[in-house]
Amino acid sequence: MSLAETYVVEKTDTAVLSAGEPADFWAEHVCRNHGTLTFRFAAPATFRGGTILQRYGGHQLIDFWSDGIVYARSLKDVRSDGDESVRLLVPTVGTLHLSQDGVNRRVKPGQAGLVTKARPFDLAHSGRARAWVMNLPAGALPQDEGTDRVLLDFGQGLGSVIGNMIAQLGAQRRAVDGTAFTSVSDTIIELLALCLRPRPELPDTLAAVDAAVRDHVRRHAADPELDPAAIARALGWSLRQVQLALQRSGTSPAGLLRATRLDMARRLLREAPAGRTIADIAHASGFRSLSAFGASFKARFGVTPQDARGR
């Protein structure tokens, strides 16, 4: 079994270091889990911090605590590792200061923040803090181009449900396996997408159709038989109703299906073992034609599937 297929639970704490500089250890440890970053420590020689990590495949959840620090990701860092994934930050103690795209936010307990690694950012806390950090694949949420929806209410409603799920997933870290960890993580990502989706003031039929279509496509995109007519038939609406519902959010049934399959393929390219072929990944993502897959992938992401795997 490869490392990517092994469910990992690991605790790390600078308090148990017998020798060495805790700041250097922390910088190396965080970069190993989150990619290229730079650090500014309030007190490097006496710095204390720790993590409890859960990881399976491309999913990762970390409970971290530490003294005051600033994490920075520069444009050079972005270019060096090509990581475009998103981090969900859920503080439980202290306040996190998040800055990206000229937007500054203070993220307190009862709230959550979103930051993409595709663009530079700063993340800081001046004193002792503790928070959950969850990895979200690039393209998993409807805000990749950057919006001011970087701050979410986790104190009530659906946000509170998501926060409790994260806390329970961490608390049960030893009782779940990799499959369960992945399933719960995927559900959390789907619920986050609902939190970010614009809501009309009053519910209407087209909004309900839009939500149902997106959920059906997300669950069945890998089926090569799924097409716009099959989506409408499975949900009991006319194809025209489905088209009108998605048109309001700027897409079409075919466009939504293609984008979902491409996002699935990109995730598989990053996570699959080296021996798995591009053709197998294309077919597993619902594409019938390898050439059509390659052309669509290049048009969407600007690189070929082979280049994406190399990154």
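Quick caveat, the model's predicted, so the values are computed rather than measured.

Participant: Mind laying out helix 6 (residues 228–235), listing which residues take part and the relevant values?
Facilitator: Residues of helix 6 that are buried: Ala230, Ile231 and Ala232. For helix 6, the elements touching its buried residues are helix 5 (205–220) and helix 7 (239–247). Of the residues trailing helix 6, glycine 236 is marked for its positive phi of about 85 degrees.

Participant: Please give an account of the nonpolar core that cites residues and values.
Facilitator: Counting 26 residues, the largest nonpolar core has Leu88, Leu136, Ile166 and Leu192 as the members making the most contacts within it. Among the elements of the structure, strand 6 (86–93), strand 9 (111–116), strand 11 (129–136), helix 3 (157–171) and helix 4 (178–196) are those that each provide at least two residues to this core. The biggest single contributor to this core is helix 4, with 8 residues. With sequence-adjacent residues up to four places away left out, isoleucine 166 is seen in contact with Leu61, Leu88, Val90, Trp132, Met134, Phe154 and Ile188. The next biggest cluster of nonpolar side chains, apart from the first, holds 24 residues, and it includes Val8, Ala27, Val107 and Leu123.

Participant: Which residues make up the sheet that holds strand 6, and what are the values?
Facilitator: Ordered by their spatial adjacency, 7 strands build an open sheet running 1-3-4-11-6-9-12, and the pairing between neighbours is antiparallel. Strands at the two margins of the open sheet, each flanked by one partner only, are strand 1 (8–13) and strand 12 (151–153). When the angles between neighbouring strand axes are averaged without regard to direction, this sheet yields 20 degrees. As judged from the 8 bridges shared by strand 3 (residues 49–56) and strand 4 (residues 59–66), these two strands associate in the antiparallel manner. Paired with glycine 50 across the two strands is tryptophan 65, which belongs to strand 4. On top of the sheet, helix 3 reaches strand 3, strand 4, strand 6, strand 11 and strand 12; it is set at about 95 degrees to strand 11, its chief contact. Helix 4 rests against strand 3, strand 4, strand 6, strand 9, strand 11 and strand 12 of the sheet, and its axis sits at about 80 degrees to strand 4.

What counts and how
Residues numbered from 1 in each chain as written. Predicted model: local features only at pLDDT ≥ 70, side-chain atom pairs only at ≥ 80, totals over all residues. Heavy atoms only, no water. Buried < 20%, exposed > 50% of the residue type's maximum accessible area, 1.4 Å probe, protein only. Helix = DSSP H or I, 4+ residues; strand = E, 2+ residues; numbered from the N terminus. Contact = heavy atoms within 4.5 Å. Core = buried A, V, L, I, M, F, W, Y, C linked by side-chain atoms within 4.5 Å. Pairing = 2+ DSSP bridges. Axes fitted to C-alpha atoms, helices over the stretch in contact; angles between N-to-C directions.

These figures capture arrangement, not role.
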